[in-house]
Amino acid sequence: MVHNRPDTVTVEVIRNLLMSVAEETYGIIIRSAYSTNMKERRDVCTAVIDPDGNSVAQVESLTALLGSMLSVVPNIYEKFGRENIHPGDMFIVNDPFHGGGNHLPDIVLAAPAFCGDTLVGWVANIAHHADIGGKVPGSSSGDAVSLFQEGIRIPLVRIREDGKLNQSVMDMLLVNSRVPQERYGDLTAQMSANLIGIQRLQDAYERYGDVLISCMSELIEYSERRIRAAVAKLPDGEYSYTDYMDGCGEKYPDPLPIKVKITVRGNQMEVDFTGSAQQLEAPINVPWPCTKADVFYSVKAMLGPDIPANEGINRAIKVIAPKGCILNPTEPSPIGCQIDTSQRVPDAIFGALAPLLPEQIVTAGNGACTTTLLSGKVRQDSDEVFIFHEVIAGGGGACWQYDGLSGIQVNMTNTSNMPIEATEIEFPHLLARRNELKEDSGGPGYFRGGLGIQRELEILEDNVLYTGLGDRHKIHPWGLKGGKEGAGGGFYRVAADGAVTHLSNKVTSLPMMEHDIVRVITPGAGGYGDPLNRDIQKVLQDVIECKVSVEGAKRDYGVVIIGNEYDGYQIDEGATEAMRQELRR
């Protein structure tokens with residue numbers, strides 16, 4: 001059907017209407033989900049998709065989940081045929097090799113919206129579930145060698161048909177989870193959100209008719225024009241960078257390259273990951289839809305933060321990753337910790353484009369995603385279990401104008417920090433002993449990198465299993481323009497007798513006993529510019545706020561500070577001038 005091109009004002013009105021649908025459905029999940037991972041950490045994303053399967057409006061929540069939104073409806077059409085989609089249908093999927101997008105705990109639900117016989121669009125959402133089966137509680141491990149160990153695989157199937165729940169599908173999902181009641185509540189929240197979204201799209205079509213669909217097409221074309229115009233302003237050429245992963249387990253101890261070459265020709269950009277590490281028998285492979293989402297985010301962040309996030313951005317970017325590499329693995333490669341590698345993709349892209357766009361570069365190297373999982377029996381005389389899942393924030397990189405943000409989720413993990421109060425209320429088996437910014441973890445620079453977090457959780461019963469999944473423990477976040485690298489992260493077990501054990505960056509189901517403490521230190525982030533040029537008053541303020549130690553101020557910034565926290569700190573200006581001169585030599 002050919003529609004007249006809508007005017008600009010109408011397109012903007014429709015854009016905000018579609019965003020309101022995405023935001024409302026997002027809010028429904030947050031308010032009605034059972035798990036803390038959804039209602040507190042907000043590990044959720046929602047979107048509105050046009051009748052042809054193109055994403056047109058997506059809530060600004062979790063960028064790692066973009067891949068599923070960009071591919072779910074085309075995959076539904078490919079499997080079932082567009083002619084076989086009917087009112088009352090709702091589809092579910094989690095398998096990235098068969099229509100999903102991320103890793104198995106991320107479950108996608110998508111539903112078509114019909115007005116009469118007219119398909120006017122789709123609403124979709126994706127959320128991370130705390131447990132969907134697999135070899136370990138929490139369905140994420142650092143030692144999986146196959147996708148089959150990571151949980152139940154859900155191909156594209158109907159979970160609702162003719163407006164009715166397919167109870168057999170629901171039963172299959174619940175029986176595969178260690179916490180079925182939580183799964184039921186979370187899945188019901190996702191389905192309910194889609195049903196409300198359908199109503200909103202139907203109301204919009206009744207008001208605007210086919211203009212609604214025309215505006216969807218125009219929004220996609222607008223985003224494509226904006227991105228192409230931004231690319232066209234860049235000088236033609238090739239720009240490369242290689243960042244590194246820490247490695248994964250005893251089998252892969254060496255750093256793993258994430259290599260990118262970005263080619264600009266006119267208004268087209270090609271992002272090529274040839275030369276990156278090969279796929280591993282380890283769970284840090286990134287499925288292809290998620291790699292495309294990583295690139296989508298990175299390019300948008302650098303070239304057009306205000307451009308509407310939809311399929312139009314993808315049309316101007318060609319992404320290449322050879323089949324069988326860590327960013328485009330073959331089935332059934334394990335992918336449970338793919339977020340660790342996904343976090344490295346934006347850093348590599350930012351590193352490649354930093355010389356070209358010094359004032360648009362989002363940040364220096366960022367802190368990594370740091371996953372903590374704790375599980376055990378709710379009561380010793382019961383088979384009922386609890387599963388605590390959290391991703392602890394790290395440092396955000398500095399840029400040419402500002403210090404990096406501290407204790408924040410960055411790039412692909414744009415979620416909220418778990419409140420200590422929620423942790424202790426929901427999980428009485430855990431007691432928070434420490435939750436603070438890690439002093440000296442931000443990379444020194446004219447603008448200082450953001451700080452990581454040090455969090456300690458005491459275990460209040462025996463036989464609680466701890467899984468810790470992280471990166472940037474060995475390969476620290478890099479700095480820019482003379483800025484220094486941020487500090488790395490680390491996992492530790494502090495026994496009841498005070499003995500401290502330094503653990504690897506991939507810990508799986510380590511038994512913890514009563515009064516043991518899990519200590520998690522997340523990476524800081526890289527600094528920007530020469531730290532010896534940083535304003536000495538800013539260094540003093542950092543010391544007062546315990547972001548930089550007195551020793552760190554002298555060592556990294558050449559600022560000599562005297563006094564103490566009780567009597568107050570002040571700068572020894574004469575010693576500082578001499579120290580900076582010495583360090584510059």
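Refer to the preceding data block for the structure.
For the structure given in this document, a descriptive report is provided here.

Reading the values: the criteria
- Residues numbered from 1 in each chain as written.
- Predicted model: local features only at pLDDT ≥ 70, side-chain atom pairs only at ≥ 80, totals over all residues.
- Heavy atoms only, no water.
- Helix = DSSP H or I, 4+ residues; strand = E, 2+ residues; numbered from the N terminus.
- Buried < 20%, exposed > 50% of the residue type's maximum accessible area, 1.4 Å probe, protein only.
- Contact = heavy atoms within 4.5 Å.
- Areas by Shrake-Rupley, 256 points an atom, 1.4 Å probe, with all protein chains shown as cover.
- Lys, Arg positive; Asp, Glu negative; His and termini not counted.
- Charge placed at Lys NZ, Arg CZ, Asp CG, Glu CD.
- Pairing = 2+ DSSP bridges.
- Axes fitted to C-alpha atoms, helices over the stretch in contact; angles between N-to-C directions.

1. Digging into the overall build of the protein
Reasoning step 1: Scanning the protein from N- to C-terminus turns up 14 helices and 22 strands.
Reasoning step 2: Seen through its C-alpha atoms, the protein measures out along the principal axes to roughly 80 × 65 × 45 Å.
Reasoning step 3: Looking at the protein as a whole, 61% of its 585 residues are labelled buried.
Reasoning step 4: Considering only intrachain contacts with a sequence separation of at least 6, the fraction spanning at least 24 residues in the protein is 71%.
Reasoning step 5: Summing over all exposed atoms, the protein offers an accessible surface of approximately 22400 Å²; the carbon and sulfur share of this is 49%.
Reasoning step 6: Side chains of the protein give 53 positive and 77 negative charges; the mean places of these two sets differ by 4 Å.

2. Details of the pairing of strand S9 (residues 256–265)
Reasoning step 1: Two elements, strand S8 (residues 237–245) and S9, share nine bridges in a ladder whose sense is antiparallel. By the bridge assignment, Asp-243 is partnered in S9 with Ile-258.
Reasoning step 2: Of the pairings in the sheet, the one linking S9 to strand S10 (residues 268–272) comprises five bridges and is antiparallel in character. The residue of S10 that forms the bridge with Thr-263 is Glu-270.

3. Here's the deal with the sheet that holds strand S11 (residues 317–320)
Reasoning step 1: Taking strand neighbours across the sheet as the criterion, the four strands line up as S8-S9-S10-S11 in an open arrangement whose pairing is mixed. Whereas interior strands pair on both sides, the edge strands pair on one side only; in this sheet they are S8 and S11. Direction aside, the axes of adjacent strands within the sheet are offset by 15° on average.
Reasoning step 2: As paired strands, S10 and S11 are joined by four bridges and run parallel to one another. Among the inter-strand pairings, Met-269 is bridged to a residue of S11, identified as Ile-317.
Reasoning step 3: Packed onto the sheet, helix H7 (residues 288–303) meets S10 and S11 and runs at close to 140° relative to S11.

4. Examining helix H10 (residues 344–353)
Reasoning step 1: Taking burial as the measure, the ten residues of H10 include ten buried ones, the bulk of the element.
Reasoning step 2: Tucked inside the fold, the buried residues of H10 contact S8, S9, S10, H7 and helix H9 (338–342).

Everything listed here is a matter of geometry and, on its own, says nothing about what the molecule does.
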